[in-house]
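# A closer look at the structure
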Amino acid sequence: MRALVLSGGTGSRLRPFTHSLPKQLIPVANTPVLVHVLRNLRRLGIDEIGIIVGDTRAEIEAALGDGAEHGVRITYIPQEAPLGLAHCVTIAEDFLGDEDFVMYLGDNVLPDGIEAAADRFREERPDALILVTKVPDPQAFGVAELADGDRVSALVEKPERPRSDLAVMGVYFFTSKIHAATRAIVPSARGELEITDAIQHLVERGGAVVGHRYDGYWKDTGNIDDLLECNRVMLDRLEAGVRGEVDESSVLTGTVVVEPGAVVTGSRVAGPAVIGRGSRISGCRIGPYTAVGPDCELADSSLGDSIILEGASVQGVQGLRGSLVGRWARVHAEAEEAYTDRFGGTDRRLLVGDHSRVEGSA
């Protein structure tokens, strides 16, 4: 079995961060989302992976290389424009050949793994097996209608009056029969070749399509709040470990990871939290649910429920909550009101893109 990972999206809901960083490379618990995807695929025994890339190909290729670091071999497949998920299958046909494959959206995080779905697909070998899960707002998703147990009888994209509460997730298993289906469909009203249309084509022609109910944690990290929630979930799964330096005046409580080369002085870190390699933390109160990336510098600040990306500098800023600070950004003294969403009291939310500078009066 091979894998096809889709990483060509523009990440419009995560701007300004995705102006300079592909959304699939934004880290949760200090690991890029796309690396979480590769780890899940490797757990299935898959080592041949095609990655669909768009305008951010250079950044993704620089981060992942040929895949050897993650125990896989990566083939990059360029998509000139975002023309739909089924279009991705079409342009990857030479890479996939006649093999079975799993298609995985590169901004989806499933920390409980997909082994059960893969085992079922390999055992039953339907034409397609799609992961589905119950959601409270099915109008916002592609919805699967099931009959006779788990047989998919219909797929409807964002229905006004859903007949099911089972959302189609971002993981699909296919045999080579999907290729004829993707060639048979036409673009939707939004000008894209929809994978739901291709699967519906299989259903209407008597193909075996199974909806596999997924009960684990699933998150599409397409916006800031979902990204922060996913960060909390992944931090909860860490094992504590101090491989950097923590001085005697600092206090670590709960599950805290201090990566090699990090230095923590005169600070309190409440887990779950992770301090990235090479970062320097002094006079701070950090956590819980905070991931500080590599080579950051935090001084005389307090923050929780936040993600601080590589190389960021935060100094003299108090009460940050639910914040995301981009790579090599500089946030010194109190953030100006134009950059801050007040929650009340002294807590504030700060969203700062890569290489930005936010400075103000203390």
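Before reading further, recall that the structure is shown in the block above.
Residues numbered from 1 in each chain as written. Predicted model: local features only at pLDDT ≥ 70, side-chain atom pairs only at ≥ 80, totals over all residues. Heavy atoms only, no water.

Bringing the packing of helix α6 (residues 177-184) against helix α7 (residues 195-204) into the picture now. At their nearest, the axes of α6 and α7 sit 8 Å apart, and the two run at 110 degrees to each other. By the angle class used here, α6 and α7 are roughly perpendicular. Like other packed secondary-structure pairs, α6 and α7 cross with a definite hand, here right-handed. On α7, the residues touching Lys177, Ile178, Ala181, Thr182 and Ala184 of α6 are Ala198, His201 and Leu202. (Axes fitted to C-alpha atoms, helices over the stretch in contact; angles between N-to-C directions. Helix = DSSP H or I, 4+ residues; strand = E, 2+ residues; numbered from the N terminus. Parallel < 35°, antiparallel > 145°, perpendicular 65-115°, else oblique. Left-handed = near helix turned anticlockwise from the far one by under 90°. Contact = heavy atoms within 4.5 Å.)

Another aspect to go through is the pairing of strand β8 (residues 128-134). β8 sits mainly inside the fold: 6 of its 7 residues count as buried. The pairing of β8 with strand β11 (residues 166-174) spans 6 bridges and is classified as antiparallel. When the sheet's bridge partners are listed, Val132 is paired in β11 with Val168. (Buried < 20%, exposed > 50% of the residue type's maximum accessible area, 1.4 Å probe, protein only. Pairing = 2+ DSSP bridges.)

Below, the discussion takes up the side chain of Ser7. Here Ser7 shows up in strand β1 (residues 2-7). Classification of Ser7 as buried rests on a relative accessible area of 0%. Ignoring any residue separated from it by four or fewer positions in sequence, one finds Ser7 in contact with Gln24, Leu34, Ile51, Ile52, Val53, Gly54, Thr56, Ile60 and Gly106.

The next thing to look at is the packing of aromatic side chains. Evaluated as defined, the whole model comprises 4 aromatic pairs. Each ring, one from Phe101 and one from Phe174, has its centre 5.5 Å from the other, and the planes form 45 degrees; the classification is tilted. In this pair, Phe101 sits in strand β6 (residues 101-105) while Phe174 sits in strand β11, placing the two residues 73 residues apart along the sequence. When its relative accessible area of 0% is taken as the criterion, Phe101 is described as buried. (Phe/Tyr/Trp six-rings, centres within 6.5 Å; stacked < 30°, edge-to-face > 60°.)

Moving on, we get to α6. Buried within α6 are the following residues: Ile178, His179, Ala181 and Thr182. Buried positions in α6, seen along its axis, are confined to an arc of 165 degrees and lie on one side of it. In α6, the exposed positions angled more than 90 degrees off the buried face are occupied by Lys177 and Arg183. Summarising the contacts, the buried residues of α6 are in contact with α3 (85-91), α4 (93-96), β6, β11 and α7. (Arc of directions from axis to C-beta.)

Bringing the nonpolar core into the picture now. In terms of nonpolar packing, the biggest core is built from 55 residues, with Leu41, Ile49, Leu64, Leu110, Ile114, Leu131 and Phe173 touching the most fellow members. With 7 residues, helix α8 (residues 224-235) is the single largest residue contributor to this core. The contact partners of Ile114, leaving out residues within four places of it in the chain, are Leu44, Tyr104, Leu131, Val171, Phe173 and Tyr214. (Core = buried A, V, L, I, M, F, W, Y, C linked by side-chain atoms within 4.5 Å.)

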